[in-house]
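What follows is each chain in one-letter form.
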Amino acid sequence: MGIPTVADRIAQEVARRYLEPILEPVFHADSYGYRPGKSAIDAVRTARERCWRYDWVLDLDVKAYFDSLDWELLLKAVRKHTDCRWVLLYVERWLKAPEQMEDGSIVPRTAGTPQGGVISPLLANLFMHYSFDMWMARTYPHVPFERYADDAICHCRSVEEARELWRALADRFAACKLVLHPEKTKIVYCKDANRRGDFPVIAFDFLGFQFRARKTMWGKGEKRIFAHSFQPAASPKSLKRIGRTVRRWALHHRSDKSLTALAAMYNPCIRGWLNYYSHFFPTQLRPTLIRIDAYVIRWARRKFKRMRHRTKGARDWFARFRRANPPPFVHWVLFPGNGPTSGAV
């Protein structure tokens with residue numbers, strides 16, 4: 001992560017606004033990262049539908065992508081789309097600018113584009129457009145993929161096809177001076193109720209969601225059928241990260257605040273999690289988000305003396321409050337109920 005100076009951030013925004021209308025029509029339809037009108041949810045939704053049609057996935061991860069971009073190859077790609085002298089001049093200067101550390105020392109750089117730069121996402125997309133997207137379209141047009149920055153998954157008909165693609169991509173990235181991560185890159189079998197056989201890897205993470213076989217209900221009433229379908233939901237890593245954030249809030253120590261004030265403080269973050277992860281299997285969020293309710297009960301016991309030594313009384317208060325008031329916390333709308341009744345945080 002590198003943060004440009006204020007003057008450079010302003011200048012990079014000017015260059016980005018110049019380049020984006022030129023590059024946007026050129027980019028591949030299955031490139032979703034940092035593009036207007038496209039989102040990570042679009043990529044996940046498309047990946048879900050293709051996992052139903054293709055049995056195998058090659059899950060790609062480029063090692064230290066933003067730190068490894070070759071400057072000459074990237075500048076060659078920029079020159080292909082513009083001959084504007086000031087854009088070319090400044091892009092080259094931004095790429096090759098040294099890094100100033102916290103202690104004030106200056107460290108030279110030899111490759112990459114800082115992730116904190118305003119123009120870095122656009123440049124990173126352009127590099128992957130030629131090193132991956134267009135190469136796939138030419139060499140493996142029958143293999144669909146979804147790419148978000150350097151994170152990509154390819155859908156294959158067989159494990160042999162996936163292995164062949166892995167070998168070919170390793171050579172292609174090496175020619176572009178990139179390296180596939182040896183541990184994070186893997187072949188996945190999209191096993192579900194209709195797919196038999198065993199394979200060591202039957203799940204993968206993509207953009208904060210874990211794809212794996214999940215119990216799904218089809219139909220209604222007496223015609224309901226339960227089966228395992230290959231579906232995305234919030235990944236264990238994402239849920240763990242949310243749980244750590246909730247714990248850092250230390251909400252139960254904010255007895256100087258009202259419950260309404262607490263909700264106003266934390267609802268933007270909770271709403272962001274809901275807006276992103278509730279698109280697929282929202283119930284996966286429930287065990288993590290109701291931990292907030294346990295903190296609210298502990299907050300009530302600290303704030304109100306009459307509840308200080310009455311755990312059950314605090315829980316009864318919480319249940320009554322939740323029923324009698326418009327829900328101040330936004331996750332109560334998605335997960336209605338009486339909240340937690342036992343356990344500790």
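Residues numbered from 1 in each chain as written. Predicted model: local features only at pLDDT ≥ 70, side-chain atom pairs only at ≥ 80, totals over all residues. Heavy atoms only, no water.

(A) Spatial organisation of unusual backbone geometry. The phi angle at K177 is positive, at roughly 65°, despite the residue not being glycine. With respect to the helices, strands and loops of the structure, K177 is situated in the loop between helix 7 (159–175) and strand 6 (186–189). What makes K177 exposed here is its relative accessible area of 53%. (Helix = DSSP H or I, 4+ residues; strand = E, 2+ residues; numbered from the N terminus. Buried < 20%, exposed > 50% of the residue type's maximum accessible area, 1.4 Å probe, protein only.)

(B) Representation of the nonpolar core. In this structure, Y65, F132, M136, C154, L165 and L169 are the most contacted members of the largest nonpolar core, which totals 48 residues. Per element, the largest residue contribution to this core is nine residues, and it comes from helix 6 (residues 120–139). Setting aside anything within four residues of it in sequence, one finds F132 in contact with L60, F145, R147, A152, C154, L169 and F173. Core analysis: the second largest hydrophobic core is formed by 46 residues, A40, V296, V330 and F335 among them. (Core = buried A, V, L, I, M, F, W, Y, C linked by side-chain atoms within 4.5 Å. Contact = heavy atoms within 4.5 Å.)

(C) How the structure looks around the side chain of R35. Along the polypeptide, R35 turns up in the loop between helix 1 (6–23) and helix 2 (40–53). Take R35: its relative accessible area is 8%, and that puts it in the buried class. A distance of 2.6 Å separates a polar atom in the side chain of R35 from the backbone oxygen of H28. Beyond its immediate chain neighbours, meaning those up to four positions away, R35 contacts E24, F27, H28 and N125. (Polar contact = N/O pair within 3.5 Å; in protein donor to acceptor, adjacent residues only side chain to side chain.)

(D) Molecular detail of the pattern of salt bridges. As enumerated under the stated definition, the model contains 16 salt bridges in all. A salt bridge links R35 to E24; its shortest N-O distance comes to 2.6 Å. Within this pair, whereas R35 is found in the loop between helix 1 and helix 2, its partner E24 is found in the loop between helix 1 and helix 2, the two being separated by eleven residues in sequence. The same class applies to R35 as to E24, namely buried. Notably, a salt bridge pairs D198 with K191, separated by 3.2 Å at the nearest N-O pair. Residue K191 is classed as partly exposed on the basis of its relative accessible area, which comes to 26%. Taken together, the shared-partner salt bridges in this structure form one network comprising E13, R16, R17 and E20. (Salt bridge = Lys/Arg side-chain N within 4 Å of Asp/Glu carboxyl O.)

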